[in-house]
Amino acid sequence: RSAVFDREARHQHHTRIMGLNAYERHQKFMKDYVLFYGKEQAPIQQTIKTDFDTLKETYRFLRKDEDDRELKTWEQSLAKKYYNKLFK
C-alpha cells in the first residue's frame, strides 16, 4: 500500500469517529473491543471487606459496659469507636 492511501484511510476513520457523540463513540469502541478480544469475561469477584461492611456486621445500637471490656478483635474496637463518636 502507499503512504497516501494509509493517510487517507486514517483521515476518513478519524472523521467518522469524530462525527459521533461521546456515547456513540464509547459504544463503538466497546463493540470493537469485544469483537477484537473476544467475549466479555465475567467480572472478578473481589473479597474486599471495607470498614463500612465491618460496621454493618458488628455495630450495636445499644451497648453494655461488659461489651466494651471484652474487645477482642479490631472489628469490635472499630464499632466501639464509631459508637463513641456518635454519642459524645
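Use the structure listed above.
Basis of the calculations
Residues numbered from 1 in each chain as written. Predicted model: local features only at pLDDT ≥ 70, side-chain atom pairs only at ≥ 80, totals over all residues. Heavy atoms only, no water. Helix = DSSP H or I, 4+ residues; strand = E, 2+ residues; numbered from the N terminus. Rg over C-alpha atoms; globule rule 2.2 N^0.38 Å. Buried < 20%, exposed > 50% of the residue type's maximum accessible area, 1.4 Å probe, protein only. Contact = heavy atoms within 4.5 Å. Areas by Shrake-Rupley, 256 points an atom, 1.4 Å probe, with all protein chains shown as cover. Lys, Arg positive; Asp, Glu negative; His and termini not counted. Charge placed at Lys NZ, Arg CZ, Asp CG, Glu CD. Patch = residues over 30% accessible without salt bridge, like charges linked within 9 Å, V, L, I, M, F, W, Y side chains within 5 Å. Salt bridge = Lys/Arg side-chain N within 4 Å of Asp/Glu carboxyl O. Phe/Tyr/Trp six-rings, centres within 6.5 Å; stacked < 30°, edge-to-face > 60°.

**Focus on the overall build of the protein chain**
Within the protein chain, the regular secondary structure consists of five helices and zero strands. The globule rule puts the C-alpha radius of gyration for 88 residues at 12 Å, and the 28 Å found for the protein chain is more than 25% above it. Projected onto the principal axes, the alpha-carbon positions of the protein chain cover approximately 85 × 30 × 20 Å. Relative to its full complement of 88 residues, the protein chain shows a buried share of 10%. Within the protein chain, contacts between residues at least 6 apart in sequence are counted, and of these 25% link residues at least 24 apart. In the structure as shown, the protein chain presents an accessible area of about 8500 Å², 56% of it carried by carbon and sulfur atoms. Here the protein chain contributes 19 positive and 14 negative side-chain charges, whose respective centroids are spaced 5 Å apart.

**Quick notes on a nonpolar patch on the surface**
Taken together, the side chains of Phe61, Leu62, Tyr82, Leu86 and Phe87 make up a nonpolar region of the molecular surface, amounting to roughly 570 Å² of accessible area. Tracing the backbone through its elements, the reader meets Leu86 in helix 5 (residues 74-86).

**Side note on the pattern of salt bridges**
For the structure on display, the rule yields two salt bridges. A salt bridge links Asp32 to Lys28; the shortest N-O distance between them is 2.6 Å. You can see Asp32 and its partner Lys28 sitting in helix 2 (residues 22-37), four residues apart, about one turn around the helix. A salt bridge links Lys49 to Glu57, with the shortest nitrogen-to-oxygen separation between them at 3.0 Å.

**Side note on the packing of aromatic side chains**
Under the counting rule described, the total for this entry stands at two aromatic pairs. Arranged with centres 4.6 Å apart and planes meeting at 45°, the rings of Tyr33 and Tyr37 form a pair that is tilted. Remark: Tyr37 and Tyr33 occur in helix 2; sequence separation between them is four residues, near one turn of the helix. Relative to Tyr37, the ring of Phe36 lies with its centre 4.7 Å away and its plane at 85°, an arrangement referred to as edge-to-face. Tyr37 carries the same exposure label as Phe36, and that label is exposed. Each residue in the set Tyr33, Phe36 and Tyr37 is aromatic and connected to the rest through ring pairs, giving one cluster.

Geometric descriptors of this kind do not, in isolation, establish any biological role.
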